[in-house]
Amino acid sequence: MHELSICYALMQQVESIAAREQAQRVTLIRLQIGPLAGVEPELLAQAFPMAAAGTCAAEAKLQLDTLPVRVQCEACGAETDAKPNRLLCGQCGDYRTRLLSGDEMLLASLELERPDDED
Amino acid sequence: MCDTCGCNITDGNRHLIEGDGKLAKTGDGREAVAVLQGLLHENDHQAAHNRHHFDSHGVLALNLMSAPGSGKTSLLEATIEALGEEFCIGVVEGDLETENDAERIRGKGVPAVQITTGSACHLDAHMVHHALHQLDLDQIDILFIENVGNLVCPASFDLGQHRNITLLSVTEGDDKPAKYPVMFRGADATLITKADLLAYLDDFDPQRAEDAVRALANRGPIQRLSAKTGQGLDAWLDWLRQEAKAQQQRLDQGDTARPKLQPEGRHLHAHGTHHGHHHHHHHD
C-alpha cells in the first residue's frame, strides 16, 4: 500500500504549484495513471482525502484518467493494443515491442482559484 | 518534465505539453494549469542525486527486488564469496524490522547498512540517500541495494540505481511475472533462484516463467541459479563483471545509466522540454 506515500508526494507538488501560481484554492486535480504504473487508482482515490486534509486542495476533486496500454512492434512496426501482462505485438506476436502508453503516473493538470477569481 | 527520466510522456498525453500556453481559462473562470510532472517528482529528484553520488564515486548501484524469501540475501552472500577479491562490495539492506540481513552480510566481511522501514513496504530514494551517508563510497565498486521483499511497491520508486534485478524462486510459481507485470517488466536481469529445488518440484516450469517475462517485452537476461549449490552462478557473476565494466566505460565518457529507459523520455530530453530541477544526465 504505497498509494498513501504517493498521495503525500502529490500533495507536496500540488501545494508548491498552487503557491507558485498564487492560487487560493485548488478545485480540480487531474492525474493520469496507466495500468502499468504500479498504482491502484481506487486506493489512490481512498488515500487522497487523508493526504489533502488541511491543504489548499482539501476540497479539490480528484480526476483519474487512464490511458490504454499500447505497444509498437520493432519487428513489424504495427501499433496495437496490449494487456498489462501481455505486451506482445498484436499483429505478429513478437516480444520486441516498445510501450507507447499505459505506464503513466502523472500529475496532468490543476484547476486553480486565484483571489481575484472570486465573484 | 520529469528530469530524471521523462518516462511519463506518451503518445496519449504529448498534446498536453505541445502547442502554446500552459494556461487556459475554464468555462467558469477558473484557471487550468497543465503540469504533466511525474507523481514521484520529489523522489525522482532525490534518486537523480543518488545516481550522481554513485557515478562521482565510481560505484555501480544495483537494486535487488523480489518477494520475501526468494533468496536475495543468500545470493548476496554467495556473490560476495565469489567476487570479494575482485570487487569492493557494499550492501544496503531494506527490511521492515531487524538488523539480521545486514549482520549476515557483515559476517562476509563487507560493509552493510540496514534500513528499517517500520511499516513502509518499499525503499525510497530518501531512505537510500540517508543510508549512503554511513558508507564510504570511495571504497565501493558495486553497491547492492536489497529492497524490501515485495513484488508490488518497490517497482514504483527509483532509488538512483543503475540496474534492477528481480529474483523469482522456483518455490513461488512460474506465473508470477504475469501476476506482477510492473515489477518483472522493469527488470534488467531476472534470476530464477533456488534452481537446485527444481528436481523436487513438478509444478514450476522455468521455461514458462521465462515466457511470462518475455511476454512483458522484457529483453533482459533470464538466468537460473542456486546460491546454495553454486549451479548457474557463473553466468550471474559474468553479468556483474560486464555491468561493472560497462559502468566504468560510461564514467569515462561522463555518462550514466538508468534501469529500463523509456525512449519517449529521451526524445523529449532531446527537444529540451525540461522544467523544474535540472541535472545533466545521459541515458543509454
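Residues numbered from 1 in each chain as written. Chains lettered and ligands numbered in written order. Predicted model: local features only at pLDDT ≥ 70, side-chain atom pairs only at ≥ 80, totals over all residues. Heavy atoms only, no water.

K.L.:
Sorry, what's going on with the overall build of chain A here?
P.N.:
Per the secondary structure count, chain A includes 2 helices and 6 strands. Each helix (α) and strand (β) of chain A, taken in turn from the N terminus, gives the series α-β-α-β-β-β-β-β. A burial count over chain A gives 54% of its 119 residues as buried. In chain A, the proportion of contacts linking residues at least 24 apart, taken out of those at least 6 apart, comes to 70%. (Helix = DSSP H or I, 4+ residues; strand = E, 2+ residues; numbered from the N terminus. Buried < 20%, exposed > 50% of the residue type's maximum accessible area, 1.4 Å probe, protein only. Contact = heavy atoms within 4.5 Å.)

K.L.:
Even after reading the chapter, I still don't get the nonpolar core, so can you show me in this structure?
P.N.:
One recurring pattern in soluble globular proteins: nonpolar side chains tend to sit buried together. Within the largest apolar cluster, 32 residues are counted, with the highest numbers of intra-cluster contacts made by Ile 29 and Leu 107 of chain A. Every element with two or more residues in this core is listed here: helix H1 (3-20), strand S1 (25-33), helix H2 (41-52) and strand S6 (105-113) of chain A together with strand S2 (31-38) of chain B. It is H1 of chain A that contributes the most residues to this core, 8 residues altogether. Excluding its chain neighbours within four sequence positions, the residues that come into contact with Leu 107 of chain A are Leu 10, Gln 13, Val 14, Ile 17, Ile 29, Arg 30 and Leu 31 of chain A together with Val 35, Leu 36, Gln 37 and Leu 39 of chain B. Ile 89, Ala 189, Leu 237 and Leu 240 of chain B belong to the second-largest nonpolar core, a separate cluster that totals 28 residues. (Core = buried A, V, L, I, M, F, W, Y, C linked by side-chain atoms within 4.5 Å.)

K.L.:
Any chance you could explain the sheet that holds strand S5 (residues 97-101) of chain A here in plain terms?
P.N.:
All names here are of chain A. The 3 strands lie next to each other as S4-S3-S5, forming an open sheet whose pairing is antiparallel. In this open sheet, the two strands that pair with only one neighbour each are strand S4 (79-81) and S5. Within this sheet the neighbouring strands show an average axis-to-axis angle of 35°, counted without direction. One ladder, built from 3 bridges, connects strand S3 (residues 70-73) with S4; its direction is antiparallel. By the bridge assignment for S4, Gln 72 is matched with Glu 79. (Pairing = 2+ DSSP bridges. Axes fitted to C-alpha atoms, helices over the stretch in contact; angles between N-to-C directions.)

K.L.:
Got a minute to help me understand the interface of chain A and chain B in this structure?
P.N.:
Where interface size is quoted, it is often the accessible area lost as the parts come together. Each partner contributes residues to the interface: chain A has 46 residues there, and chain B has 44 residues. For the pair chain A and chain B, the summed buried surface comes to about 3800 Å²; carbon and sulfur atoms form 56% of the total. Applying the counting criterion to the chain A and chain B interface returns 3 salt bridges. In this structure, Asp 103 of chain A engages Arg 185 of chain B in a salt bridge whose closest nitrogen and oxygen atoms are separated by 3.3 Å. The interface formed by chain A and chain B contains 16 residue pairs in polar contact (both at pLDDT 80 or more). The set of elements that each furnish at least two residues to the side of chain A that touches chain B consists of H1, S1, S5 and S6 of chain A. In terms of residues, the side of chain A that touches chain B owes the most to one element, S6 of chain A, which gives 9 residues. Here the side of chain A that touches chain B is built from residues that sort into 23 nonpolar, 11 polar and 12 charged. Here 6 bridges tie S6 of chain A to S2 of chain B, and the two strands are oriented antiparallel to one another. Residue Leu 107 of chain A lies in a different strand from S2 of chain B, and its bridge partner there is Gln 37 of chain B. (Buried area = accessible area lost by both parts, 1.4 Å probe. Salt bridge = Lys/Arg side-chain N within 4 Å of Asp/Glu carboxyl O. Polar contact = N/O pair within 3.5 Å; in protein donor to acceptor, adjacent residues only side chain to side chain. Nonpolar A, V, L, I, M, F, W, Y, C, P; charged D, E, K, R; others polar.)

K.L.:
Mind showing me how you'd approach the sheet that holds strand S9 (residues 222-224) of chain B here?
P.N.:
Sheet strands pair by backbone hydrogen bonding; their relative direction is either parallel or antiparallel. Residues and elements named next belong to chain B. The parallel open sheet is built from 7 strands, whose spatial order is S5-S4-S6-S3-S7-S8-S9. Only two strands of the sheet have a single partner each, and these edge strands are strand S5 (112-116) and S9. The mean angle between the axes of side-by-side strands here comes to 20°, regardless of whether they run parallel or antiparallel. Sheet topology note: the strand S3 (residues 60-65)/strand S7 (residues 163-169) ladder contains 4 bridges and is parallel. Along S7, the bridge assignment pairs Met 65 with Thr 166. Against the sheet, helix H2 (residues 72-83) engages S3, strand S4 (89-95), strand S6 (142-146), S7 and strand S8 (189-193), with an angle of about 175° to S4.

K.L.:
Can you walk me through the packing of helix H1 (residues 41-56) of chain B against helix H4 (residues 125-132) of chain B in this structure?
P.N.:
Axis angle and axis distance: for two packed helices, these are the angle between their axes and the distance between the axes, and together they describe the pair. All names here are of chain B. The contact between H1 and H4 brings their axes to 8 Å, and the two run at 30°. With respect to their mutual orientation, H1 and H4 come out roughly parallel. Taken as a pair, H1 and H4 cross one another with a handedness that is left-handed. Counted together, Glu 42, Asn 43, Gln 46, Ala 47, Asn 50, His 53 and Phe 54 of H1 and Ala 125, His 126, Val 128, His 129 and Leu 132 of H4 form the full contact between these two elements. A per-class count over the contact of H1 with H4 returns 5 nonpolar, 6 polar and 1 charged. (Parallel < 35°, antiparallel > 145°, perpendicular 65-115°, else oblique. Left-handed = near helix turned anticlockwise from the far one by under 90°.)

K.L.:
When you look at the packing of aromatic side chains in this model, what are you seeing that I'm missing?
P.N.:
The geometry of two aromatic rings is summed up by the distance between their centres and the angle between their planes. Residue and element names in this part refer to chain B. Overall, the coordinates contain 1 aromatic pair over all chains when judged by the stated rule. Consider the rings of Trp 236 and Trp 239, whose centres lie 5.9 Å apart with planes at 15°: the pair is stacked. Taken together, the positions of Trp 236 and Trp 239, both in helix H8 (residues 233-252) and 3 residues apart, correspond to about one turn of that helix. For Trp 236, a relative accessible area of 0% translates into the label buried. (Phe/Tyr/Trp six-rings, centres within 6.5 Å; stacked < 30°, edge-to-face > 60°.)

K.L.:
In this structure, what is going on with the environment of Arg 258 of chain B? I would like to understand it.
P.N.:
Residue and element names in this part refer to chain B. Structurally, Arg 258 is set in the loop between H8 and helix H9 (263-270). Put simply, Arg 258 and Arg 163 are 95 residues apart on the chain and 6.4 Å apart in space, counted from C-alpha to C-alpha. Engagement of the side chain of Arg 258 in a polar contact is seen with the side chain of Asp 158, the distance being 2.8 Å.

K.L.:
Would you take a moment to explain the pattern of salt bridges for this structure?
P.N.:
Here the idea is simple: oppositely charged side chains can pair when their charged atoms come close. All told, the structure shown has 22 salt bridges over all chains when counted by the stated rule. In this structure, Glu 81 of chain B and Lys 108 of chain B form a salt bridge, with 2.4 Å as the shortest nitrogen-oxygen distance. Of this pair, Glu 81 of chain B sits in helix H2 while Lys 108 of chain B sits in the loop between helix H3 (100-106) and S5, and the two are 27 residues apart along the sequence. For Glu 81 of chain B, a relative accessible area of 57% translates into the label exposed. Measuring nitrogen to oxygen at the nearest pair gives 2.6 Å for the salt bridge that ties Glu 86 of chain B to Arg 241 of chain B. Residue Glu 86 of chain B is located in the loop between H2 and S4, and its partner Arg 241 of chain B is located in helix H8; the two are separated by 155 residues in the primary sequence. Within this structure, Arg 20, Glu 21 and Arg 114 of chain A together with Glu 31 of chain B form a network of salt bridges that share partners.

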